[in-house]
Number of protein chains: 2
Amino acid sequence: MTGHTQSPDPTLDPELCPVHRSLEIVGDRWTMLILRRALLRGTTRFADFRDGLHIAPNILTDRLGKLVDEGIMERHGYREPGSRERFEYVLTEAGREFNMLVSALAGWGAKNRPLENSRRVDAYTLDDQRPVELAYVTPEGERVDPQRVSTRRRDLGDNPR
Amino acid sequence: MTGHTQSPDPTLDPELCPVHRSLEIVGDRWTMLILRRALLRGTTRFADFRDGLHIAPNILTDRLGKLVDEGIMERHGYREPGSRERFEYVLTEAGREFNMLVSALAGWGAKNRPLENSRRVDAYTLDDQRPVELAYVTPEGERVDPQRVSTRRRDLGDNPR
DNA sequence: TCACCTAAGTAGATTTTTGCAACTCAGGTG
DNA sequence: CACCTGAGTTGCAAAAATCTACTTAGGTGA
């Protein structure tokens, strides 16, 4: 009998679930596309994001502003010879750590929505350019197939509510 | 002088970037929250998603329908003793593979938005319950710190456009 | 000096998507 | 036969995204 009183579900509160906290930042239609472009192409400038993504400038302003507020990007002035000062948006350390998220998205898409002429999204070590992959590993360093991995919370019993 | 004519940027087309193809599916404010609940709590029923996420039923209908159309969930009839047939939404293999994405989101959130009382999101092997983590690894099985990994495309030179 | 250029935005009208609340529908129970 | 429950549907209001045009600040060339 699960005659439980509906406790105020704690997973509701974004504060209590790290997945939800991340999604508060990147869970809209544009932010992750902006970060992908920054991570995969090194884009930093307003006009390059705007033209490359075909995003409306007011939306881009809003999203870049939020990313700066969140400490994911920094707005830096720069000056090219013979131009006035302009601004660029560069990833912070926290922003660069979205590379695992980009790799996870790329991995899912490549496997589950394969396409003949699709571009590859590779990852490699910065120092010596060795290829790396995103994978589940045990503390002993053994790779485990994602299909053999569960993220199910064990403190819930089998109550899915 | 980069007097090149603006070639129709190929990364624009979602068809050509696996990250974009994934985001076409999970790049909105609700879909990933639904998948998180399915993966972390094993939720399958309409009312449990609705009440657990505080999502409007019309939005939930729409998102579950899309997930079914995309082959990420399957709508199954079930019957509890003394009830009529009802329906549940269960993850397919493609859907379960979003566990890496959930782990990536959880990893970013836990590291970059740490919070005292936050719930942990762990992953473990299905067969013998050993803990696993999401990590970048070389083909030889060496773990590499995400800050030492780049996902930058090398075929672009340093043109970020 | 002045017309023109560029990058980085703002501003306002329109369209689309969400959110909310109430209602429906189908079958089962007392 | 009145009521219950889960799985939705419908209609309207509110919020967000989109499209387009305009602004701003400084630099260049004539």
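This text follows the structure it describes.
In this text, all values refer to a predicted model and were calculated from it rather than measured experimentally.

J.: Help me get a handle on the protein's contact with DNA strand C, residues and values and all.
T.: The immediate surroundings of DNA strand C are formed by 22 residues, with F87 and Y89 of chain A together with W30, N58 and R63 of chain B found nearest. N58 of chain A places a polar side-chain atom, nitrogen or oxygen, 3.2 Å from a base oxygen of DNA strand C. In this structure, a phosphate oxygen belonging to DNA strand C sits 3.0 Å away from a side-chain N or O atom of R75 of chain A. Taken together, the elements giving at least two residues each to the surface near DNA strand C come down to α3 (46–53), α4 (57–69), β1 (73–79) and β2 (85–91) of chain A together with α4 (57–69) of chain B. Among the residues forming the surface near DNA strand C, the class breakdown is 9 nonpolar, 5 polar and 8 charged.

J.: Any chance you could break down the relation of the copies chain A and chain B for me, citing the residues and the numbers?
T.: For the match of chain A to chain B, the screw axis carries a shift of 0.0 Å, the RMSD comes to 0.0 Å, and the turn is 180°. The superposition of one copy onto the other is thereby described by a two-fold rotation axis. For chain A, the minimum C-alpha distance to the rotation axis belongs to D28 of chain A and amounts to 2.5 Å. Counting the interface residues of chain A, we find that 99% of their copies in chain B are interface residues as well, pointing to one common contact surface.

J.: I'd like a description of the protein's contact with DNA strand D, backed by residues and values.
T.: Neighbouring residues of DNA strand D: 22 residues in total, closest W30 and R63 of chain A together with T61, R84 and Y89 of chain B. In the environment of DNA strand D, a base nitrogen lies 2.9 Å from a nitrogen or oxygen atom belonging to the side chain of R84 of chain A. The side chain of N58 of chain B places a nitrogen or oxygen atom 3.4 Å from a base oxygen of DNA strand D. Class assignment of the residues belonging to the surface near DNA strand D gives a composition of 9 nonpolar, 5 polar and 8 charged.

Quick notes on the rules
Residues numbered from 1 in each chain as written. Chains lettered and ligands numbered in written order. Predicted model: local features only at pLDDT ≥ 70, side-chain atom pairs only at ≥ 80, totals over all residues. Heavy atoms only, no water. Near = heavy atom within 4 Å. Polar contact = N/O pair within 3.5 Å; in protein donor to acceptor, adjacent residues only side chain to side chain. Helix = DSSP H or I, 4+ residues; strand = E, 2+ residues; numbered from the N terminus. Nonpolar A, V, L, I, M, F, W, Y, C, P; charged D, E, K, R; others polar. Least-squares fit on C-alpha atoms with pLDDT ≥ 70 in both. Contact = heavy atoms within 4.5 Å.

That's the geometry; what it means functionally is another story.
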